[in-house]
Amino acid sequence: MPSPGGNLACLSGRALTGALTYNTRSAIASQLPGLQIESRQDICMMEHPRLLPKLRTALTCLYDDGSQPHHRHEAHDFLLGFKGSNLRRAVVSRVKSQRDRGSVADGTASIGDIANNPIDEDVGGSIYLSCLALLLQSFNGQNVAHESIFAAQTLNHRCRSIKLAETLDIEAEDGVECGMAKIVLAWEEMKSERAMSTCGAGNPDVAVNWLGEKSKMILDAWVERYVPMIANTCCSGSHAQDTICDGADLLSLVLQRHSSPLLGSANNTDGEKREEEIKGTLIMLTLAVAMYTASFCATVEEHQHQQMQQHSAARPAWANSVLSDLGSALSVTALRIRYRPLPDKHATPQPESSCPPLIDMLVNTMKMVGESAEVYLSQKIQQPQSVMQTAHTHAMQQSVAACMKSLPETVLLPAGHDTGHRIPSIDRACLRAASMELRSVGGGMDKAWKVIAETSSNGQSQDSSATQLLECCEAWARYVAVPLDLVNTTVGSLAVEYLHVSRDTLHSPQTQKAQTAAFQYLVSIFESASPSLTAEDILTAALGVGASGHTGKGGRGGGGARKNANTKKKQGNKSKKRHEKRLGRAVAVQDCEEGNSADAAEQELLARRNAACVAAAAVFGVSLADASSMDDTWGLRPAASSPSTTTHGVCSTVASAISSVLPHLLHLERQEGESNTPWRVELFKVLAGSLRQICAALTREIRALAYEPLMILHTSLHSVAHVSFTVEQVAVEIICECTQALATSSGYPPGYFNCLTENNDEELEIERNDIRDVARSVCSLDACDLDTAGQKSPSILILERIVTACNAATQQSDLPPETVVHILSALAKPLNKLGKICNKQPSATGCAMMTSALQAFGTVCDRLNASFDSRSVSEILPLSRLALMGAASLTPMFGKIAEAMGERPAAIDEERELFTTFERTLLSSLQHSMLSTANLPELAAASTLSWTRYDIKGAMRGPGGEDHVGCIALLRFASESDCLTSRIFQVYGPALLDDLLSLYNGLKASELERGVGCDHGIGVTPISRRLVLRVVSRLALHGANEKGGIFLQQLVQAPLVEMRSQRELAFSAEKSFRLCEAAYDLSFFSPELVADLFDTAPDDLAIMFESVVTGYSRLSFASDDDASCQQWGRLRGAVHSALATCLKSTISSKSANIIAALIKAECDAATTQCNRGPESGSNLFIDAIVGEEMVSAGVYSILIKDCLKRIGKTKGRAEKCMVESQTCLSLLQDVAPAILPLLLHQSPEASAHVDPRPTIAEAWFLALESLVLVCRNSEQIASSLADHGMTTFLGDSLSVAMALIFLKDVGTKHSAAPDSQNGMSLDGPQTLALERFVTASLLLGPNILAATGKSVSTLIQVPGVQGQGYEGAVILIAAIMRGISGAVPPWLVEEAPDLFRSLYTCVGCDCDQFMLILDASTKIKASAPFGGVRAGELLAGRYLDCSSHHLTTFLSKSKDVCTKGDWRRLKVVLKAACGGKKKDAGFNLKPQYTSWECDRL
């Protein structure tokens, strides 16, 4: 095979004129009547490729200075089409299509068919040749960076994405019919003749010989025609006299010297395979010439800049990009030549016999170009020889280095789930074979290192040579394990010289570049040994299994660490199963061919981690021989110790080393102990010390680098057992010290709270939250016990030390440091887990730790309680906020301790001390919660939370929270458990409710004093005040309190009196506001109490309901809203909250009547609004009233849904559930006449107001779904509701659901759907709710289908449907397919399989009946027009108005899905039947359900 390094490695020097003869013209002309062989004169007259002018014009237009902005869009579209064009594939597809239709009788007829049906030739011409010409000409004294980069990127993209025969599409220069079609048809004819010879009566050997000779003649003709064209059309046409190296001239010389074996090679193999070999050879030669020329010209340009500036100049920016892309293209071409797919796609292919290894192929190709370049440059006698020799040497070095760097990035897969890596479109088995080759000893990284070392030793400075070597090693280290001897050479001897960060040795750009390469190399070594990496990840990468899961384009970071390349992407269960299946198959093949691949993966993983340890030892100055350590200025040891060493590049590299090396050292300690390898302990200490320095850095960004290493170290410490005492001690100490150092560094600066009205520093708050997460993680007790084999687990040791340190710090000053309380409050989760453990089995260790934590919190609260009179708000607020956040978070631990105190006496002294401390701290916390709520305003000024993340500094809220932390703490204490509530009464005494009531009244008075609409200044916001009301209500109902009823009566009378006082007042903003606040207050009482008020105080409650109904009657069509409308909008939400609280207990006839009145009033108003048309204004249906920030229309239907959901979850009490279900059904039936006509109102989607129909429809169908689910879960309830007309009612609702879809016009075969559609929009959660209701209701059985058919016939007139009782099912399926065809958003197809499965279940899992329904649904037509359906139109939509073959295919695949039960595959079937993807249909993405939260309006 004439591949680079094979036949081309020993080519003779015959001239092109002698090599390319025309002896075969007559023979080939008889075989290919359309393939005309032009004379050499005709060829030479071709000045440039056909597409080159268009390409240059488009690039100029897109990247010019803005002189032609109106053409940029067209230029962009042209370049996209240019880059993705594949004429060869289009022609092959056309020919196959003709063959399938039986129209390919002979070649001439087929070419005529193509000519009569031309392929779009907007990019007609050779893409490859145009890019090559642009690339070579841009180097010829005309270099334009964007042209060079685009051309190189396009060539790389095509080499990676398509076959070699399609990549080198030079035949397109002769046009589609005269060039591309002829070669395609020639191979098609060969295939036919070969097939005939295998089954004919003649001699097969003679036929094979004839076909081989014919193939040779065809390819000889191709070579004679197109090889000269490659060289001649790349000429610029105007050679610059001062050009040292003209790429087109060099290409001509290379083709003269090395294209001879492309002719006359007798080969009886498949002609298309031989074509791939020839084109692969030409691609490698042309790409190598382009690489050499690019590097040569870049070196000359660099030399010229250096002469003009009198100092060293940087390499041109375009050069690295071009070389990288061309190196990648060259690498993937070599892979395609060396490994070809086998018929068995799972078998690993063997390399082609004439092809050398991949690295040798690349090197030999560049050597051939280099030899030709020497001959070419020797003729440039007018140019300075020294410049030419230097440029030639550098060009060869840079080109070879680019190939060696691009090879692993192109061929190898990254271990792990690196979504930033782009894999070429190559057979996985070929990738696997290449991966095995490049992972082998002597055939991969070590060989590439030797190649680079040999080529970079001549004519380069030490820094430049080091940069090339390190960049090459960095590229390989990301994919394979670096051999230890190579680590010692590259890191220990070479890279470390550039990594003495405390020394001022960077005197030149070359030295800085070498240091950057050294950092990148180190990071690659460390990241390739990530603790998250597994042997399965390596196996997946090595066997090429992960190719399909990688998209995007990879890239390299600069100046230090890149983002972790082993970040894992979450996989679904099906994805995991597919991956496991592919991996298992690949492992079986590999084990059969090579041996145990799993062991090899384990060995590679160990080698990666050992390499990381050796590299870390080298750069941190630890001797592997005697464990001696260098001084603190060696290598990376002084990281973060001074401003000059506290850079992101240095510290991120150190953090990467810590994350990778420390876990492996712990693993080695577990396996081998520390007796024979003391260097491991020393390296562990050195790295731990570096981590401590990073945590204490003055820069926030540097400190953040320590978060991940700390958590990894903690996880690794728990994943191993029985490590040496020294290592465990060092690890525990460093984690504790680092956590405390981070907390201290993130404290609020002095004077931070002097101005409480300023916004918080978001970066500081983010850092504090991150540090809380770190502290919580390193103290986590999720995966450990208190004691293991008589020893404390590492997490217990860490938690114990941090808690003890915090407790000691709180005792030392009047007000403890804020940072101490901050870190202590972050430990709530592990302390709560500790309380749970000790509740079951108390231990001295656990009780002592909880006692220490309680002492710290108690001390903080006591000192704060005593400071309200002597300290300013700015001093108390930060400490109080943190203390109350901690107290609220610790209530689970408080509850467990209270439970233990109620169950048993103290078992040990430590537990006895815990109980005593607990009562003291509980009292202090309660007192501080009430004092803080009373004295510290929730907001010192107006909140900025609507546009900031962390609000103002003077906010007594958690980070980004919305409620006073004192109120939250009180609520947590009151609602945690009955045991804790009882203990609260015992600790606080009988004055508890009096104090809470006094607190509540004070907050209410402050609220009134602030006035309407003001939530800042004094007191707390209304929602926080109501939290206190809920606390009092719950505590008053507790059995330990005898006077609870009296307190409740006092509290509940206040909102009732307020309502009563508004009875006679006219409708106004003030009235609505007062009623709104009273309704919200009622909603925070217990559900039983509120439900009782509907019987005991109905007249008082009626005032707020009547006000809501009256508000709907005030609808006007002016777009202006006033204060009264806005307050009425809030009242709607408050009434919903009050009713929701009531329905949590029960739904009575009175509450049902109120809900019905509210729904009817809303629907009447909405109907009136729709009657005025979509462009009418409104004072009610606007964003300020029913927008996303308020409460949407349909909110009262949601009450029914929530009530039914509660009924469905109730266990026992069947009689009550049945009665309540009947009440809900009666309520739904009562309001249906108001809702259903509104939903079917044909007014188009509103444009001048908020359309109320979508949210009303969403609420309605959600309520119906809840009704269906209740019936499915209880046969007794279902039977009872069936007697009350539920089946007919659901059938009517299903028919309305179908009618909503039929309102939409999806267009016809000859006309698109109109822009304006009748009826409400279906683009939103209403369609999701509709689909879920339909899916659920079908599972109730065939009676539903019968009722649906009867109901829908009154809306839509259709001819009779065969099959008793299934008319409704046929129309329903037709509606769903119409929806998928464009009536509803495209995401409906994701949900459709569940609906079809429900129908299948509904018809008794009868596949034949199901298919009859499906068949009928594709044929049923409307007898009369309805909505968007025309008379005589298919209900299923225009895409089902198709050929019988299309329908038969659809039904066949659907039956296959039904038979196998693979319903998820039905999505693909439906999508194909109904017009495919509709991403550009103008619909939104799949939505979330509307939020009906009303408490914070």
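K.L.:
Explain the overall build of the protein to me, using residue names and the numbers behind them.
P.N.:
Regarding its fold elements, the protein presents 61 helices and two strands. Taking contacts inside the protein between residues at least 6 apart in sequence as the whole, the part at least 24 apart equals 79%. Approximately 58800 Å² of the protein is accessible, and the part contributed by carbon and sulfur atoms is 51%.

K.L.:
So, helix H36 (residues 873-889): which residues are in play, and what are the values?
P.N.:
An ideal rise of 1.5 Å per residue puts 24 Å on 17 residues; H36 measures up with 23 Å between its terminal C-alpha atoms. Burial analysis of H36 places 13 of its 17 residues in the buried class, the great majority of the element.

K.L.:
Tell me about the nonpolar core, and name the residues and values.
P.N.:
With 476 residues, the main nonpolar core has Tyr 292, Met 404, Trp 1260 and Phe 1261 as its most contacted residues. No other element matches helix H14 (residues 271-309), which puts 15 residues into this core. Setting aside anything within four residues of it in sequence, one finds Phe 1261 in contact with Leu 1239, Ser 1293, Ala 1297, Leu 1300, Gln 1326, Ala 1329, Leu 1330 and Phe 1333.

K.L.:
Give a description of the environment of Ser 1068 that names residues and reports values.
P.N.:
As for its placement among the helices and strands, Ser 1068 is situated in the loop between helix H43 (1044-1061) and helix H44 (1069-1083). Owing to a relative accessible area of 26%, Ser 1068 belongs among the partly exposed residues under this scheme. Taking the C-alpha atoms as reference, Ser 1068 lies 8.3 Å from Ala 1123; in sequence the two are 55 residues apart. Engagement of the side chain of Ser 1068 in a polar contact is seen with the backbone nitrogen of Lys 1071, the distance being 3.2 Å.

K.L.:
Give a detailed account of the confidence of the model for the protein, specifying residues and quantitative values.
P.N.:
For the protein, per-residue confidence averages 83 on the pLDDT scale, and 85% of positions sit at 70 or higher. Counting contacts from residues 1-45, a segment whose pLDDT is below 50, to residues more than four positions away or on other chains yields 94 contacts. In the model, residues 103-109 has pLDDT below 50 throughout and makes eight contacts with residues more than four positions away in sequence or in other chains.

K.L.:
Account for the environment of Ala 586, naming residues and giving values.
P.N.:
Its place among the elements puts Ala 586 in helix H24 (residues 573-593). Residues Ala 586 and His 346, spaced 240 residues apart in sequence, show a C-alpha to C-alpha distance of 7.1 Å. Excluding its chain neighbours within four sequence positions, the residues that come into contact with Ala 586 are Arg 432, Leu 543 and Val 545.

K.L.:
Explain the packing of aromatic side chains residue by residue, including any values.
P.N.:
If you walk through the whole model with that rule in mind, you get 17 aromatic pairs. Geometrically, the ring pair formed by Trp 222 and Tyr 226 is tilted, given 5.4 Å between the ring centres and 50 degrees between the ring planes. With a gap of four residues between them, Trp 222 and Tyr 226 both fall in helix H12 (residues 204-233), about one helical turn apart. Among the residues examined, Tyr 226 registers a relative accessible area of 1% and is labelled buried. Between Tyr 1400 and Trp 1463, the ring centres sit 5.4 Å apart and the planes meet at 50 degrees, which makes this aromatic pair tilted. With Tyr 1400 in helix H58 (residues 1388-1402) and Trp 1463 in the loop between helix H60 (1444-1460) and helix H61 (1466-1473), this pair connects stretches of sequence that are 63 residues apart. Taken as a pair, Tyr 1400 and Trp 1463 share a single burial class, namely buried.

Criteria and thresholds
Residues numbered from 1 in each chain as written. Predicted model: local features only at pLDDT ≥ 70, side-chain atom pairs only at ≥ 80, totals over all residues. Heavy atoms only, no water. Helix = DSSP H or I, 4+ residues; strand = E, 2+ residues; numbered from the N terminus. Contact = heavy atoms within 4.5 Å. Areas by Shrake-Rupley, 256 points an atom, 1.4 Å probe, with all protein chains shown as cover. Expected span 1.5 Å × (residues − 1). Buried < 20%, exposed > 50% of the residue type's maximum accessible area, 1.4 Å probe, protein only. Core = buried A, V, L, I, M, F, W, Y, C linked by side-chain atoms within 4.5 Å. Polar contact = N/O pair within 3.5 Å; in protein donor to acceptor, adjacent residues only side chain to side chain. pLDDT = per-residue confidence, 0-100. Phe/Tyr/Trp six-rings, centres within 6.5 Å; stacked < 30°, edge-to-face > 60°.

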